[in-house]
Amino acid sequence: MLGVASLCNQVKLVADNVAKLAFNGSEIDFGTSDVFPLPVAFNVVPLAGSIIDTTWDGSSEEAKLRDESRKILGIPELVVTATCTRVGEMTGHSISITAWFDSPVDAKETIKSLQSAKGVEVVDLPNPVFAAGKDPSFVGRIRGHQSNPRQLSLFVSGDNLRKGAALNAVQIAELLI
């Protein structure tokens, strides 16, 4: 809950001057945070966890996402490329997934399959505010790609206090395979 407290403090500090963020955020005093390397209120920080290797693994959260996905799916060589970010919201994880398959995949069939999956709810625009306090993983923006019929993109949000993002991604990938 340290992250939530830090975010709340930053929001309080900048609330009266939030319109200035449209022109020059460096003029705003967000205070200090022992939790985030940059201000997280009204911001996106392209780092979650700590840097472990700038040339390959990236951050501890990115390595965890890769390693957990490989372990749960039982595919040790699974290629996972991720940039984990911190977004100024209270709770929730979201993930944008682009997956490649061995054979063509149909977005409409994928939607039908996901609609019947336990713990998954298909919605138009999944987001962490909507997912807060709810158990399902919310999946949407499901679409194929004209350039590659074996490629599918989707967006997933969930309450990370109930279920982690890596587990959500893996469970959805298992359904698609």
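These numbers come from a predicted model, not from an experiment.

Participant: Kindly report on the nonpolar core, identifying the contributing residues and their values.
Facilitator: Core analysis: the largest hydrophobic core is formed by 16 residues, its most contacted members being Val139, Ile142, Leu152, Leu154, Val156 and Ile172. At the level of elements, strand S5 (93-100), helix H3 (107-115), strand S7 (137-145), strand S8 (148-158) and helix H5 (165-176) are the ones that each hand at least two residues to this core. Val14, Ile28, Phe36 and Val45 belong to the second largest nonpolar core, which has eight residues in total.

Participant: Any details on the packing of aromatic side chains? Residues and values, ideally.
Facilitator: If you walk through the whole model with that rule in mind, you get one aromatic pair. Ring centres of Phe130 and Phe138 lie 4.9 Å apart, and the angle between their planes is 75 degrees; on these two criteria the pair is classed as edge-to-face. You can call Phe138 buried: its relative accessible area is 1%. One cation-aromatic arrangement involves Lys134 over Phe130; the distance from NZ or CZ to the ring centre is 3.8 Å.

Participant: Can you lay out unusual backbone geometry for me, pointing to particular residues and giving the numbers?
Facilitator: In terms of backbone geometry, most residues other than glycine have negative phi values and most peptide bonds are trans. In this model, Phe42 sits at a positive phi of 55 degrees, which is unusual for a non-glycine residue. Position of Phe42 relative to the elements: it lies in the loop between helix H1 (2-14) and strand S1 (44-45). The backbone of Arg141 sits at a positive phi, close to 55 degrees, despite the residue not being glycine. Assignment of secondary structure puts Arg141 in strand S7. Of the residues examined, Arg141 reaches a relative accessible area of 45% and is grouped as partly exposed.

Participant: An account of the pattern of salt bridges is needed here, citing residue identities and associated values.
Facilitator: Tallied over the full model, the rule gives three salt bridges. Measuring nitrogen to oxygen at the nearest pair gives 3.6 Å for the salt bridge that ties Glu61 to Lys64. A residue pair is termed a helical-turn pair when its members lie 3 or 4 positions apart in one helix, as Glu61 and Lys64 do in helix H2 (residues 60-73) at three residues. Here Glu61 falls in the partly exposed class, since its relative accessible area comes to 23%. Assessed through its relative accessible area of 38%, Lys64 is described here as partly exposed.

What counts and how
Residues numbered from 1 in each chain as written. Predicted model: local features only at pLDDT ≥ 70, side-chain atom pairs only at ≥ 80, totals over all residues. Heavy atoms only, no water. Core = buried A, V, L, I, M, F, W, Y, C linked by side-chain atoms within 4.5 Å. Buried < 20%, exposed > 50% of the residue type's maximum accessible area, 1.4 Å probe, protein only. Helix = DSSP H or I, 4+ residues; strand = E, 2+ residues; numbered from the N terminus. Phe/Tyr/Trp six-rings, centres within 6.5 Å; stacked < 30°, edge-to-face > 60°. Lys NZ or Arg CZ within 6 Å of the ring centre and 35° of its normal. Salt bridge = Lys/Arg side-chain N within 4 Å of Asp/Glu carboxyl O.

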